[in-house]
Structures are given as C-alpha cells and as structure tokens.
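Listed below are the residues making up each chain.
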Amino acid sequence: MSSENLPTSTGRKPRVAVVFGGRSSEHAISVVTAGAVLRAIDRDKYDVLPIGITTDGRWALTADEPERMAIADRTLPTVADLTESEEGSVVLSVDPGNREVVYSEPGAVPKVLGDVDVVFPMLHGPYGEDGTLQGLLELAGVPYVGAGVLSSAVGQDKEYMKRVFVSFGLPVGPYEVIRPREWEQDPSAARARIVGFAAEHGWPLFVKPARGGSSMGITKVDDLSGLDAAIEEARRHDPKIIVESLLSGREIECGVLEFEDGPRASVPAWIPPVTDHDFYDFEAKYIDSASGVVPAPITPEQTAEIQRLAIAAFEAASCEGLVRADFFLTDDGEFVINEINTMPGFTPISMYPRMWQESGVGYPELVDRLIQAALRRPTGLR
C-alpha cells in the first residue's frame, strides 16, 4: 500500500478504528462482522480506519472494502485477504497522552495516520473479546465500544460467568469444568468425573471450550463412546473445557443495549430447532443461515421476565455497551441463563441486530449508539 493512499485524520469528525480478525478460531466471523459494521457507519459523521489483526497477531492496515468481507460460496474471509502489504504493520501508542496510529513498512519512513478517538473492537474469542485488547486500550487511554477488562474476561470464561451469575442469584443449569492440568495429568479421573455428572443429570451432554464462542468446538455427546473425541475437539480451541447437561425447552435470546439513561432490553428471539444439525452450531449460525423468530412466541409475562433477567446479567457482570443474553425456557416454564456474549455477532443474519431492529433500533442507529456510548465513557476506573 503506497503512502499516498493511506488514510489520514481530518481532525474534525470523531475517528473510529474498527479492529477485527484476531488470533482466535473465530477470526473469520470477526471479519464478516466488521464488514457489516463498516457498511453501517455514517461516513458523514465519523472518519473510519479499518485495522485487521492477522491470525499470527500482526496489526495490519486493510482495505475499506466491506463487500470483500462477507461469506461467499461458503468460503470464510480472512484479514490476509484484505491487506495489501504482507509486512506493513499498524501500531497504537500505549501513551495515554498520545492517540496517534502509526503505519510502517520495512525500509520506509513510518507514516502517522492521525489520532483515534474511539475503537470499535469486532474481535470474537480469546485475544480480543476476553479483556486482553480492552486492557491495551485502557493503557492507551482510548475509549472503546463494549465491555471493560473484567466484564470481557467474565463474559469469555463460561465457568466464571456462571459463578458470577450464581452469586447474584441468577438461575444457571448444571455444569462441570475440566481444567487443563486435570486432563493432562489424570484423564481417567477427569473422565470419571464427567461420567458421574452424566449419571446424575443424564445424557446427552454438551462438551464445550470454556472460553470460546460462535458454537465452535462444541459437541453433543449421546453416550460414553463419543466422550473422548468431544473432549479433544473442545481442547483444540481451549485447553479448559466445560460440560453442560441438556436442558429440555426452548432457546430464547435477548439483547441489552446501553442508552443514555442506562441499559435496556430488546424484544426476545426464539431459536427454533434446526433440522439439519444436532444443535445451533457454527454451520447453522453462519453457513446455512439458520434464523430465529423475532419476536419470540412467548407470553408478555415471559417477555418481561427474560428482559429483567437479561439486564440483571448485564449488571451482574458489570457490562457496558451491549450484551446478548442466551436463555433456555424450560418445559416447566422457568428461565435458565446459558451465557452472555459481550461482543455478539453483527453479521447480516445475527440475532442481536435483528432483535433491536424489531425493537425500533435499526442497524445504523445501533452502531451509532454503541459508538456514542463509548465516547461518553471515560477510560480507567469507573
């Protein structure tokens, strides 16, 4: 990318750096999500700087071409597809008094791209959604969209998320956690613990990466014969795994968005059973375009209750900006919270934007509200 084509700040409009990609297994979905956000940002109101993080961790200046960031013919996009230089890198200063972004290539004079006023981190999974990027931005003194360091970490780790919810009196389902050392040192004992869990709560079980998302690495296990393969699949994404029992009922989601007067909940959505998949997995979500029903076909009383619980989960984890809260509505009419997602997908078929669209907040307004909420918040302790 030649230096004359590099974007520079006008110094008038707030400058939004959209950061996406990353080192996690959710890299491609992050790219797709960022493409949707780039299409929606009001260019008359904001300057935009797209920054992609490659799978090996390099911060790269990318083309501002959202049409190249969509899933095409079942092929997932990557940051590498969007960079015009295989060696150029972007650096954000960690000096709170300096918000300059610098672009450099080997053998060339570094180019100052201007100040960044706010970062819109569209990263999913570890190394971005888990508090790591948020910590960097806190050091740099740059406002950013979404949850802070602690709430991002809690939202990423399903074990500690559930522990926080239990401490606040929120209903969670049965689960068991196998830490890396347990499986590596004594897999027989770890396996026996899972079998004991199944004996108490029944098969099937869901074996998941404890700190993953986008339904990647999750296996529905019907009996003991599939357990070891499911554990190894989860451990490909995260050495720490979580095992959950099957809850009989309907999957209901609810979005939470930060307004000027505090968080509000959207109308909920129902995720109907998918006929070609064992559960609502990665392929169903992103490749086969499985879609939920918005609003969910539940009673007004149930809608009010899930909205109350979604905001309670948002507050319990000290979240900011946005959250998608996922619940089971059990056969006996009780809501059980499964998890929250502090940076839910913003792809064209994602449930979070659809729920807010039905609640009267269209996609461009949703993006604008998130940016404005970030600009209102200070960095540091708050």
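Thresholds applied
- Along every chain, residues carry numbers that run from 1 in the direction the sequence is written.
- Local features in this predicted model are restricted to residues whose pLDDT is 70 or higher, and side-chain atom pairs enter the listing and the counts only when it is 80 or higher, whereas totals over whole chains, interfaces and linings include all residues.
- Where side-chain values are given, they derive from all heavy atoms of the structure, hydrogens and water being excluded.
- Any carboxyl oxygen of Asp or Glu within 4 Å of a side-chain nitrogen of Lys or Arg constitutes a salt bridge here.
- Numbered from the N terminus, helices here are DSSP runs of H or I no shorter than four residues, and strands are runs of E no shorter than two.
- Distance and chemistry together define a polar contact, namely a pair of N or O atoms within 3.5 Å, with one atom able to donate a hydrogen and the other to accept it when in protein, and with adjacent residues in sequence counting only for side-chain atoms on both sides.
- Pairs of residues are marked as contacts when any of their non-hydrogen atoms sit within 4.5 Å.
- pLDDT gives the predictor's per-residue confidence on a scale running from 0 to 100.
- DSSP-based pairing: two strands are paired if at least 2 bridges between them are found.
- Every axis in this analysis is a line fitted to C-alpha atoms, fitted for helices over the stretch in contact. Angles between the N-to-C directions lie between 0 and 180 degrees.
- Each residue is placed in one exposure class: buried if its accessible area under a 1.4 Å probe, protein chains only, is under 20% of its type's maximum, exposed if it is over 50%, and partly exposed if it falls in between.

**Concerning the pattern of salt bridges**
- Under the criterion given, the structure shown has 28 salt bridges.
- Where K45 meets D368, a salt bridge forms, and the shortest distance between an N and an O atom there is 3.0 Å. Of the two residues, K45 sits in the loop between helix 1 (27-40) and strand 2 (47-53) while D368 sits in helix 11 (residues 363-376), which places them 323 residues apart along the sequence.
- Overlapping salt bridges bring together E138, E258, E320, R377 and R382 as one network.

**Quick word on the side chain of N341**
- Along the chain, N341 turns up in strand 16 (residues 335-341).
- Within the structure, N341 has its side chain in polar contact with the backbone nitrogen of M343 (distance 3.1 Å).
- Sequence-distant contacts of N341, that is, excluding residues within four places in its chain, are made with E129, V323 and R324.

**A word on the confidence of the model for the protein chain**
- Within the protein chain, residue pLDDT values average 91, and 92% of them lie at 70 or more.
- Low confidence marks residues 1-5, where pLDDT is under 50. Its contacts with residues over four positions away, or in another chain, come to seven contacts.
- Every residue in residues 285-289 scores below 50 in pLDDT, and together they form 19 contacts with partners more than four places removed in sequence or on other chains.

**Points about the sheet that holds strand 3 (residues 59-61)**
- A sheet is described by the order of its strands in space; here four strands give the open sequence 3-2-1-7, paired in mixed fashion. Of all strands in the sheet, those bounded by a partner on one side alone are strand 3 and strand 7 (118-121). When the angles between neighbouring strand axes are averaged without regard to direction, this sheet yields 30°.
- Sheet topology note: the strand 1 (residues 15-21)/strand 7 ladder contains four bridges and is parallel. For V16, the partnering residue across the bridge sits in strand 7 and is V118.

**What to know about the pairing of strand 16**
- Counting buried positions along strand 16 yields seven of seven residues, so the element is predominantly enclosed.
- Here strand 15 (residues 322-330) pairs with strand 16 via six bridges, running antiparallel. Along strand 16, the bridge assignment pairs R324 with N341.
- Where strand 15 folds back onto strand 16 in an antiparallel hairpin, the turn is made up of four residues, including G333, whose phi is positive at roughly 85°.

**Comments concerning unusual backbone geometry**
- W203 connects to P204 through a cis peptide bond whose omega is 0°.
- Assignment of secondary structure puts P204 in the loop between helix 6 (187-201) and strand 9 (205-209).
- P295 follows V294 through a cis peptide bond whose omega is -5°.
- Following the sequence through the fold, P295 ends up in the loop between helix 8 (282-287) and helix 9 (300-316).
- If you check the backbone angles, Y127 has positive phi at about 65° while not being a glycine.
- Summarising the element assignment, Y127 is placed in the loop between strand 7 and helix 2 (132-140).
- Y127 sits in the partly exposed class, given a relative accessible area of 43%.

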